[in-house]
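# Commentary on secondary and tertiary structure
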Number of protein chains: 2
Amino acid sequence: MSEVRQKASKAQSSVPQLNRLNTEQKNKALLAMANALIAESESIISANAEDLERGREQGTPESMLDRLSLNKERIAGIAEGLRQIAELPDPVGEVLESFTRPDGLHIEKLRVPIGLIGIIYEARPNVTVDAAGLCLKTGNAVLLRGGSSALSSNRKIVEVLHQALAKTDLPPDALQLVEDANRSSVDEMLKLNGLLDVIIPRGGASLIRNVVANATVPVIETGAGICHTYVDESADPVMAAEIAINAKAQRPSVCNSMETLLLHAAYAEQHLPALAEQFREANVSLKGCDTTRRLVPDAIPVTEEDYATEYNDYILNIRVVRNLEEAMNHIATYGTKHSECIVTRDTAHAERFLHDVDAAAVYHNASTRFTDGFEFGYGAEIGISTQKLHARGPMGLPALTSTKYRITGNGQIRQ
Amino acid sequence: MSEVRQKASKAQSSVPQLNRLNTEQKNKALLAMANALIAESESIISANAEDLERGREQGTPESMLDRLSLNKERIAGIAEGLRQIAELPDPVGEVLESFTRPDGLHIEKLRVPIGLIGIIYEARPNVTVDAAGLCLKTGNAVLLRGGSSALSSNRKIVEVLHQALAKTDLPPDALQLVEDANRSSVDEMLKLNGLLDVIIPRGGASLIRNVVANATVPVIETGAGICHTYVDESADPVMAAEIAINAKAQRPSVCNSMETLLLHAAYAEQHLPALAEQFREANVSLKGCDTTRRLVPDAIPVTEEDYATEYNDYILNIRVVRNLEEAMNHIATYGTKHSECIVTRDTAHAERFLHDVDAAAVYHNASTRFTDGFEFGYGAEIGISTQKLHARGPMGLPALTSTKYRITGNGQIRQ
């Protein structure tokens, strides 16, 4: 039996036991995991050093090595994340519907764990702990498949967590790490129907594309974000500039940052030159349509391909449009249905935009950067779903649950 | 461009217009569809006669031809189904969460249509109308791919519905029928990511297996039901017999009927011979384990394969178990997580069964035959989901919706 199938079976076999844990037992296990990470910081840092050394030998860029790197402070932050998950309300058992039928049949719909969740992710070892914590808190078993560049770190972290869990009521088998670094282990996970209940990919666009294109196990698609801000004719120019700069430059590397700014022609004529100057001060390079380049001569000509690109960088496309309709058409053509914003003082325009634009999150007069489980007050985030089934937008703990109908009667039969 | 892609694109292009319809406009369209079916009964029956004739020539069994056959009364029933859908509350626009963040950002989570739904189904032409009605009521476009044996009927029905819709605000393009009877048209639908938002298969086990194993478009899996009833030691014998007979014999052809009866040993010793007699009177053939055969000598020996079979027929497996634990282990091994029942007077046993058994619907003292959207009071049913994501159990109209976050601010930016 392959490693993937063997570990998935082991995790799946812990599901009934997991399902019987109460909230207190699960929280105790999470706190034990946090304490163990702190106590074993030294050995985790040593394992991490192996990954870093291998990365350097292979010529991994410094920015990637930085994301991979662990130190006492980062480990303390990761452990603190587990403590925060422990403090969140447990969605399992929540009654979503409750009603009695005319024949006396009592029906309840309640939240239950999903079962076994597969997470496929890339280099950052903090995801190992974060994903494990979120899945275990919701009573799910988890099969982790991290990137090979963090394998030593991940292996040590899981070893430490297993030792911690062994002293709790939570079965250590519920947490499994696939160590096989071959691409074939991912391919096998994608087809593990009957063992894996869902796969959540966390990582870059190519990882997610591969998972969506090849998985027969249900997938929750996350991540890709080509987000727009449309500044309408009636927008408050100060507010519009603040929102646009924030959406692009506050943290360009994330999926909810803006890639293309759409400006109403009248607004552009009056305000674009000053706004371009503000972008320059924020180190943002500009690409623009013809009208943009008339108003901002040093902007680079923008292409169709640019409009369809998620830069995740200090680069912005600017397009001047005639009206709201043209802006919404642009968004429908190039957007990824993640987060879209209109800045306007015209409430009818705002209403049309909020209703008609098809995206997980639609904004009026606020930065798209707020699309985030923590910013929404969910206290956690497994990812931001860009698909329409099961969960859409920032996913908190309830997104890691399924439901079940409990029906109690006194002998009812169907006529 | 293939027929499938062309019709999917056409349906997808109607999505923005559909999305702007209010409940009244959608209901008017549904009523116009119902009236047109009645008015055009004759031509639909003629088209249906072609299907029936072709079926007879190909030697289709009479029971299949009966399911395929339409007459005035059946068409009136189908039209009445549309009127009932029109009367149901519209889930679109329902606000599921609404809260204001400390910085004043107001966030609402509301129900929106999914977009374009693909339905792949078999011979019964009533599904054409039913699926169209449910999808359009929830503001979704729909791409139908019915079985080739009902092609003439389906084509005429869709033609009639298109003519009816042309006189309403609902764009006729929102309803598309794939006429290509080759298997390749199904295969193409399964990979139509980016155009199709979800596929719902409606039909037999092999249809569903093919869809689940090959689709990269998200699927809502429906249907397969190997359901059990466990009669505990303390069960009321009259109630237990009524529930067991009902679960097996009231309508054996459907997914929520029982395939295997599990009996506590003490109950079996006292009551099985009389119960077997009742099953015989209901025309049910019995297969049994060794203990069953000692008590019911004419029962056929049951095999492992029998336990894993969905008979959908007047055949029942009976297995005698030592206790609740053994019953739950049997269910975990052979069940399809559809509907499972315990009959008992022991509330602790009932509680354990309801909590520990992993299924869409778990019953205490009632027949599994109640797992049904109409019986649950949902007024409609797209199918019974046996998967854990998005929807589980009977799916009413809300299962055909997604959600969207609407965020309104007054200039909030992220720090």
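Scope of this entry: the structure provided in the associated data block. (Residues numbered from 1 in each chain as written. Chains lettered and ligands numbered in written order. Predicted model: local features only at pLDDT ≥ 70, side-chain atom pairs only at ≥ 80, totals over all residues. Heavy atoms only, no water.)

Bringing the relation of the copies chain B and chain A into the picture now. What connects the two chain copies is a rotation about an axis and a shift along it. Between chain B and chain A, which share one sequence, the superposing operator has a rotation angle of 180° and an axial displacement of 0.0 Å; the RMSD is 0.0 Å. In the structure described here, the two chain copies are related by an operation that fits a two-fold rotation axis. Taking C-alpha positions as the reference, the residue of chain B nearest the rotation axis is H390 of chain B, at 1.8 Å. Residue by residue, 100% of the interface of chain B is reproduced at the interface of chain A, so both copies engage with the same surface. (Least-squares fit on C-alpha atoms with pLDDT ≥ 70 in both. Contact = heavy atoms within 4.5 Å.)

Okay, helix α1 (residues 3-13) of chain A next. The complete set of buried residues in α1 of chain A reads V4, K7, A8, A11 and Q12 of chain A. All buried residues of α1 of chain A lie within an arc of 140° about the axis, which places them on one face of the element. (Buried < 20%, exposed > 50% of the residue type's maximum accessible area, 1.4 Å probe, protein only. Helix = DSSP H or I, 4+ residues; strand = E, 2+ residues; numbered from the N terminus. Arc of directions from axis to C-beta.)

Now for unusual backbone geometry. The backbone of N312 of chain A shows a phi angle near 50°, a positive value even though the residue is not glycine. Along the chain, N312 of chain A turns up in the loop between α14 (304-307) and β11 (315-321). Assessed through its relative accessible area of 31%, N312 of chain A is described here as partly exposed. In this structure, N283 of chain B takes a positive phi of about 65° despite not being glycine. The topology assignment puts N283 of chain B in the loop between α12 (265-281) and β9 (285-288). Exposure remark for N283 of chain B: the relative accessible area of 62% places this residue in the exposed category.

A separate point is empty space enclosed by the protein. Residues and elements named next belong to chain B. In this structure the tally under the stated criterion is three cavities of 30 Å³ or more. The computed volume of the largest cavity comes to approximately 50 Å³. Looking at the largest cavity, the residues that line it are R145, G146, G147, S148, L151, N154, L177, V178, E179, D180 and A181. (1 Å grid on protein atoms, 1.4 Å probe; cavity = no way out; pocket = protein on both sides within 12 Å on 5 of 7 lines; lining within 4 Å. Points joined across faces, edges and corners; volume = space filled by probe spheres on them.)

All names here are of chain A. Taking strand neighbours across the sheet as the criterion, the four strands line up as β5-β4-β3-β6 in an open arrangement whose pairing is parallel. Strands at the two margins of the open sheet, each flanked by one partner only, are β5 (175-177) and β6 (198-202). Strand-to-strand, the axes of this sheet are offset by a mean angle of 20°, without reference to chain direction. Here five bridges tie strand β3 (residues 116-121) to β6, and the two strands are oriented parallel to one another. Within the sheet, the bridge partner assigned to I119 lies in β6 and is I200. Contacts from α1 reach β3, β4 (141-145) and β5, with the element oriented near 175° to β5. Where helix α7 (residues 126-137) meets the sheet, it contacts β3, β4, β5 and β6, and its direction lies at approximately 160° from that of β3. (Pairing = 2+ DSSP bridges. Axes fitted to C-alpha atoms, helices over the stretch in contact; angles between N-to-C directions.)

Residue and element names in this part refer to chain B. Its place among the elements puts K287 in strand β9. Among the residues examined, K287 registers a relative accessible area of 18% and is labelled buried. A polar contact of 3.1 Å, which involves the side chain of K287, links it to the side chain of D306. Once residues lying within four places of it in the same chain are set aside, the contact partners of K287 are A299, I300, V302, D306, Y311, I315, L316, N317 and I318. (Polar contact = N/O pair within 3.5 Å; in protein donor to acceptor, adjacent residues only side chain to side chain.)

Here we come to the pairing of strand β12 (residues 339-343) of chain B. All names here are of chain B. Counting buried positions over the five residues of β12 gives five, a clear majority of the element. Neither face of β12 is open: one carries S339, C341 and V343, the other E340 and I342, and all of them are buried. Alignment of strand β7 (residues 227-231) against β12, held across four bridges, turns out to be parallel. Of the residues in β12, the one forming a bridge with Y230 is I342. Two strands pair when backbone bridges link them, and β12 and strand β13 (residues 361-366) are joined in this way by four bridges, in the parallel orientation. From the neighbouring strand, C341 faces β13, where its bridge partner is Y363.

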